[in-house]
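Geometric and topological summary
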Amino acid sequence: MEALEAIFTRRSIRSYRDEAIADETMQLLLKAAMSGPSCVNARDWSFIVVHDREMLNKMADANGRPAEPLRSAAAAVMVCGDLNRSFPPAKDYWVIDGAIAAQNIVLAAHALGLGSVWLGTWPQKERVEAQAKLFGLPESIVPHSVIALGYPLKESAERDVFESDRVHMEKW
Ligand SMILES: Cc1cc2nc3c(=O)[nH]c(=O)nc-3n(C[C@H](O)[C@H](O)[C@H](O)COP(=O)(O)O)c2cc1C
């Protein structure tokens, strides 16, 4: 799939077929995650790949109702910030670097015929704490977002997203 086609046709997918994701496919998603830009090339992220049904359900419990798609997902990737690797003068860039990695995962998933939905975790304290506890994370590793993944149950509709009034030319 062309890059622009992937960007224009990606939608959040929350219902999935009962079909496993091959290891090679997951590997491509992780490579995509690690291919994005990061501040001073800090690459201040780590990823937790989960296929285990019980663990996916516990991740859904940890994030609450908006994370229900995890209950039918074939797998999930939790994108984590790695504070020990972040840029010391401006550590908060880890949040942006994590978001770029997450976006690359959802785009690559779409390009490979998978459906995905980004499940917001950071900065919601109770979700961050619950996921950190579930995975026994060290303090330097912060849950950023969970990406639920699976083959889509149905095709998603295209839509027109362009809003000209959001664009300001040369000045506000
Ligand atoms: C930071 C962030 C957090 C999100 N959290 C959730 C979530 O918890 N549950 C969910 O179902 N969708 C979540 N989404 C997906 C959005 O609802 C979705 O991207 C938005 O409605 C636009 O739809 P689209 O992805 O199909 O373009 C999240 C998206 C982002 C970027």
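Quick note: structure is the one above.
Structural notes, computed from the coordinates. (Residues numbered from 1 in each chain as written. Predicted model: local features only at pLDDT ≥ 70, side-chain atom pairs only at ≥ 80, totals over all residues.)

Observations regarding the packing of helix H2 (residues 23-33) against helix H4 (residues 93-111)
When two helices pack together, you describe them by how their axes are tilted relative to each other and by the distance separating the axes. Filter applied, for reference: Note on method: axes are straight lines fitted to C-alpha atoms, helices fitted across the in-contact stretch only, with angles between N-to-C directions ranging 0 to 180 degrees. Segments assigned H or I by DSSP are reported as helices when at least four residues long, segments assigned E as strands when at least two residues long, and all are numbered from the N terminus. Note on angle classes: values under 35 degrees are labelled roughly parallel, values over 145 roughly antiparallel, values of 65 to 115 roughly perpendicular, and the remainder oblique. Two helices that cross are described as forming a left-handed crossing if the nearer one is turned anticlockwise from the farther one by less than a right angle, and a right-handed crossing if clockwise. Here contacts are defined at the residue level, using C-beta atoms placed from the backbone and a cut-off of 7 Å between them. Residues are grouped as follows: Ala, Val, Leu, Ile, Met, Phe, Trp, Tyr, Cys and Pro are nonpolar; Asp, Glu, Lys and Arg are charged; all remaining types, including Gly, are polar.
Closest axis-to-axis distance for the H2/H4 pair is 7 Å, and the angle between their directions is 140 degrees. Classified by the angle their axes make, H2 and H4 are oblique. Between H2 and H4 the crossing geometry is right-handed. In this structure, H2 contributes Leu28, Leu29, Ala32 and Ala33 to the contact, and H4 contributes Ala101, Asn104, Ile105, Ala108 and Ala109. In terms of residue class, the contact of H2 with H4 is made up of 8 nonpolar, 1 polar and no charged.

Description of the environment of Leu107
For clarity, the cut-off: Whether a residue is buried, exposed or partly exposed is read from the other C-beta atoms within 10 Å of its own C-beta, which are placed from the backbone; 20 or more gives buried, 12 or fewer gives exposed, and intermediate counts give partly exposed.
Mapped onto the elements, Leu107 comes out in helix H4. With 19 C-beta atoms counted inside 10 Å, the residue Leu107 sits in the partly exposed group. Distance from Leu107 to Pro143, taken between C-alpha atoms, is 20 Å for residues 36 residues apart in sequence.

Quick look at the site of the ligand
Counted only if it meets this: The rule is simple: place the C-beta atom from the backbone, and if it lies within 6 Å of a molecule or strand, the residue is near it.
In the vicinity of the ligand, the contacting residues are Arg11, Ser12, Arg14, Pro66, Ala67, Pro69, Val117, Trp118, Leu119 and Gly120. When the residues that make up the shell around the ligand are grouped by side-chain class, the tally is 6 nonpolar, 2 polar and 2 charged.

Quick word on H4
Defined as follows: Each helix should span, by expectation, one fewer than its residue count multiplied by 1.5 Å.
Its 19 residues place the ends of H4 27 Å apart at the C-alpha level, agreeing with the 27 Å of an ideal helix rising 1.5 Å per residue. Turning to H4, its buried residues are Trp94, Asp97, Gly98, Ala101, Ala102, Asn104, Ile105, Val106, Ala108, Ala109 and His110. Against the buried residues of H4 lie helix H1 (3-9), H2, strand E1 (45-50), strand E2 (75-82), strand E3 (115-120) and strand E4 (141-150). Where H4 terminates, the next one or two residues include Gly113, which has phi positive at roughly 85 degrees.

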